[in-house]
Amino acid sequence: MLYFVFRQCDKPSVFKRFCMMYNKIKAEKEGDFLNTAEQTHQQDLERLKLLRYMDDDFMTVCLADNFEGVELILRIVLGRKDITIKSVRTQEKLKNLQGRSAVLDVHAVDSANKEFDVEIQRADAGAGAKRARYNSSLLDAHILKPGDDTEDIPDSYIIFITENDVIKGNEPIYPVERYITIGGNKVLFGDGSHIIYVNGKYRGDDEIGKLMHDFSCTDPEDMNYEELAKRARYFKKDEKGVAAMCKIMEDMRNEAAREAAKEAAKEAAINNAKETAVRMIKKGKMSFEDIADYTELSLDTIKELAGQAIKLA
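Since we're looking at a predicted model, the values are computed, not measured. (Residues numbered from 1 in each chain as written. Predicted model: local features only at pLDDT ≥ 70, side-chain atom pairs only at ≥ 80, totals over all residues. Heavy atoms only, no water.)

Student: Where do I start with the overall build of the protein chain in this structure?
Tutor: When its secondary structure is counted, the protein chain shows 10 helices and eight strands. Counting every position in the protein chain, which comprises 313 residues, the buried fraction comes to 35%. Sequence separation of at least 24 residues holds for 54% of the intrachain contacts in the protein chain that already meet a minimum separation of 6. Approximately 19900 Å² of the protein chain is accessible, and the part contributed by carbon and sulfur atoms is 54%. (Helix = DSSP H or I, 4+ residues; strand = E, 2+ residues; numbered from the N terminus. Buried < 20%, exposed > 50% of the residue type's maximum accessible area, 1.4 Å probe, protein only. Contact = heavy atoms within 4.5 Å. Areas by Shrake-Rupley, 256 points an atom, 1.4 Å probe, with all protein chains shown as cover.)

Student: In this structure, what is going on with the packing of helix H8 (residues 239–283) against helix H9 (residues 288–295)? I would like to understand it.
Tutor: Packed helices, taken two at a time, are described by the angle between their axes plus the distance between the axes. Relative orientation of the contacting elements H8 and H9 amounts to 155 degrees, with a least axis distance of 10 Å. Considering their axes alone, H8 and H9 lie roughly antiparallel with respect to each other. Like other packed secondary-structure pairs, H8 and H9 cross with a definite hand, here right-handed. Contacts from Ala273, Thr276, Ala277, Met280 and Ile281 in H8 reach Phe288, Ile291, Tyr294 and Thr295 in H9. Among the residues forming the contact of H8 with H9, the class breakdown is seven nonpolar, two polar and no charged. (Axes fitted to C-alpha atoms, helices over the stretch in contact; angles between N-to-C directions. Parallel < 35°, antiparallel > 145°, perpendicular 65-115°, else oblique. Left-handed = near helix turned anticlockwise from the far one by under 90°. Nonpolar A, V, L, I, M, F, W, Y, C, P; charged D, E, K, R; others polar.)

Student: I would appreciate a short explanation of the packing of helix H7 (residues 226–237) against H8 in the present structure.
Tutor: One way to put it is that H7 packs onto H8 with a least axis distance of 5 Å and a crossing angle of 80 degrees. By the angle between their directions, the pair H7 and H8 is classed as roughly perpendicular. Packed against H7, whose contacting residues are Tyr234, Phe235, Lys236 and Lys237, the element H8 presents Glu239, Lys240, Gly241, Val242, Ala244 and Met245 at the interface. In terms of residue class, the contact of H7 with H8 is made up of five nonpolar, one polar and four charged.

Student: Whenever I open this one, the pattern of salt bridges confuses me. Can you help?
Tutor: A pair can form between side chains of opposite charge whenever their charged atoms are brought close. For the coordinates displayed, the defined rule picks out 17 salt bridges. As a salt-bridge pair, Lys230 and Glu68 come within 2.4 Å of each other at their nearest N and O atoms. Here Lys230 is found in helix H7, whereas its partner Glu68 is found in helix H4 (residues 67–78), with 162 residues between them in sequence. For Glu68, a relative accessible area of 35% gives the class partly exposed. Here Arg178 and Asp191 are joined by a salt bridge, their closest N and O atoms 2.5 Å apart. Here Asp191 lies in the loop between strand E7 (185–188) and strand E8 (193–199) and Arg178 lies in the loop between strand E5 (173–176) and strand E6 (179–182), a separation of 13 residues in the sequence. (Salt bridge = Lys/Arg side-chain N within 4 Å of Asp/Glu carboxyl O.)

Student: Just checking my understanding: could you explain the packing of aromatic side chains for this structure?
Tutor: Aromatic rings considered in pairs are described by the distance between their centres and by the relative angle of their planes. Applying the stated rule across the entire model yields five aromatic pairs. Seen from their ring centres, Phe116 and Tyr157 are 5.0 Å apart, and the 20 degrees between their planes marks the pair as stacked. Of this pair, Phe116 sits in strand E3 (residues 115–121) while Tyr157 sits in strand E4 (residues 156–162), and the two are 41 residues apart along the sequence. For the pair Phe116 and Tyr157, a shared accessibility class is recorded, and that class is buried. Geometrically, the ring pair formed by Tyr234 and Phe235 is edge-to-face, given 5.0 Å between the ring centres and 75 degrees between the ring planes. In textbook terms, an aromatic cluster arises when at least three aromatic residues are bridged by ring pairs, as seen for Tyr53, Phe58 and Phe215. (Phe/Tyr/Trp six-rings, centres within 6.5 Å; stacked < 30°, edge-to-face > 60°.)

Okay, here's the thing in structure tokens:
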């Protein structure tokens, strides 16, 4: 049809102008896409400059397979020089078939088979006593294999490195242990389960103070410990490391977008089910139990919707 019109008008320049306009619009759209991608990349680079070990995503990347870095942290926090790490896993999911699972920031095992869970927590609310208890119990459950004697279970350490002094005792480290009360005396229970809180605000002139400085440091050149600085330097300043970190941030964005889409779809499905339930309630031809079964909403939700429908009637 367009060819016929152009032949009738005998104006090939019209078609030429149309093509030029089309190509211009296409180029502008492609340019907008490239500009947006470049802007996002630049934003990632700026965010990367500000990342610290106190940011759990950055820490887990820097400590993945970083045996000497994990050894350094554990030796300083526990005040021991004899720790030799034989395995390190980051962002490890411990599944609980009977309830809530957990993801460990850094899970390490030493040469004596002692198990360590190092958690970074910036928000005070995420470092509560109950969470420490849960992580400890879940780690113990995964250590012991079928047929193992419970007396052979190795020591486990749950270590929370918190951005703030959540215990508020103005101390660098807070060891948590179980005790037996005998009369007026307290005796260490000695079950091998240890919980330790590390105060990220502490800046004393000692090993733990220097370590906490490094955890809050954005510039690898200002860090005290090379075991931590060299991995931070790689992901912040080396071309390959920066590219890898930007890819990780892109993947995190995509995952967040997928999760947001899932939540939106779930919410939309629930809203549709509620609208269907309200229509059924108003018709009055089905029992609340049948409506609940049909819409897959709880019976309490159906009763609540019925009450709202009566008020609006």
